Amino acid sequence: MEELGIILTVVFCVLTLGLGVLLGFYIRAVLLNSRRQTPVQFLVKMPLWYIIFAFVGYIVSMFVIVALSTFWTVSVHPATYVIFAVLAAIFVVIMIYMMYWRVEMRGENVTVFNLRGRRLFKLENITEKREINGSFGLAFYQKDKRIFRANAYCPGYEYLVMFTESVPLYEFKPRREFHLSKRDNDEK
């Protein structure tokens, strides 16, 4: 079991160092980009603390694997290693996806980068915006199809709100009203 522990420790250190360097370059790029943004040309990206949370989740999952294989004296079921390895892989995938996701605004062009690839929209084709959980964020729609959403913690969100002032805000209108007198009559 000592050989497995040594191998996992080396793998853990190399992967963590690599992801840490990637995260460092990403944070540096986001901070440099935030200085160059203008109200007509800007980026909306995932909040940095979401990405850091995914990185910490990866570190904790991998540390459990290393600790179980190195410091644990009782034999551990192989399913435990598989569960924590899958959990670490999920955190890495989430972290990389959140680093990739972005919305670029250039003039009247809105480009969304996500898992479906790169999609280009015009500002005039966005039909409505809806609030997410009050004023937590905004979701943008083209007819009934959601294009993207961004929350208030995203870098560039303030510019997004100013940029999309012309897009109408959706107002929920119930189909029929609920009257208290009708409910009171039903209870009798």
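Residues numbered from 1 in each chain as written. Predicted model: local features only at pLDDT ≥ 70, side-chain atom pairs only at ≥ 80, totals over all residues. Heavy atoms only, no water.

Description of the overall build of the chain
Thought 1: Scanning the chain for helices and strands turns up five helices and seven strands.
Thought 2: Ordered by position in the sequence, the α and β elements of the chain form the string α-β-α-α-β-β-β-β-β-β-α-α.
Thought 3: Since a compact globule built from 188 residues should have a radius of gyration of about 16 Å, the 23 Å found for the chain marks it as more spread out than a globular shape.
Thought 4: Structurally, the chain occupies a C-alpha span of about 70 × 60 × 25 Å along its principal axes.
Thought 5: A buried classification covers 37% of the 188 residues belonging to the chain.
Thought 6: Sequence-distant contacts, at least 24 apart, represent 58% of the contacts inside the chain between residues at least 6 apart.
Thought 7: Surface exposure of the chain reaches about 12,700 Å², of which carbon and sulfur atoms provide 63%.
Thought 8: The centroid of the 22 positive side-chain charges in the chain is displaced by 7 Å from the centroid of its 15 negative side-chain charges. (Helix = DSSP H or I, 4+ residues; strand = E, 2+ residues; numbered from the N terminus. Rg over C-alpha atoms; globule rule 2.2 N^0.38 Å. Buried < 20%, exposed > 50% of the residue type's maximum accessible area, 1.4 Å probe, protein only. Contact = heavy atoms within 4.5 Å. Areas by Shrake-Rupley, 256 points an atom, 1.4 Å probe, with all protein chains shown as cover. Lys, Arg positive; Asp, Glu negative; His and termini not counted. Charge placed at Lys NZ, Arg CZ, Asp CG, Glu CD.)

Comments concerning the confidence of the model for the chain
Thought 1: Here the chain averages 85 in pLDDT, while 90% of its residues score no lower than 70.
Thought 2: For the chain, per-element mean pLDDT is lowest for helix α5 (residues 180-187), which scores 56, and highest for helix α3 (residues 78-100), which scores 93. (pLDDT = per-residue confidence, 0-100.)

Re the sheet that holds strand β4 (residues 117-122)
Backbone hydrogen bonds are what pair the strands of a sheet, in a parallel or an antiparallel way.
Thought 1: Judged by pairing direction, the sheet is antiparallel, and its four strands sit side by side in the order β1-β2-β3-β4 without closing on themselves. The sheet terminates laterally at β1 (41-45) and β4, the two strands that pair on one side only. Strand-to-strand twist across the sheet, computed as the mean angle between neighbouring axes with direction ignored, equals 15°.
Thought 2: Where strand β3 (residues 109-114) lies against β4, six bridges are found, and the strand directions are antiparallel. Of the residues in β4, the one forming a bridge with N109 is K122. (Pairing = 2+ DSSP bridges. Axes fitted to C-alpha atoms, helices over the stretch in contact; angles between N-to-C directions.)

Some remarks on the pattern of salt bridges
Note that side chains of opposite charge can pair when their charged atoms are close.
Thought 1: A full pass over the atoms with the stated rule returns three salt bridges.
Thought 2: E104 is the salt-bridge partner of R106, the closest N and O atoms lying 3.5 Å from each other.
Thought 3: Its relative accessible area of 45% is what places R106 among the partly exposed residues.
Thought 4: We classify E104 as buried; its relative accessible area is 16%.
Thought 5: In this structure, R130 engages E128 in a salt bridge whose closest nitrogen and oxygen atoms are separated by 2.7 Å.
Thought 6: Exposure remark for E128: the relative accessible area of 15% places this residue in the buried category.
Thought 7: One continuous salt-bridge network, built from bridges that share partners, spans R102, E104 and R106. (Salt bridge = Lys/Arg side-chain N within 4 Å of Asp/Glu carboxyl O.)

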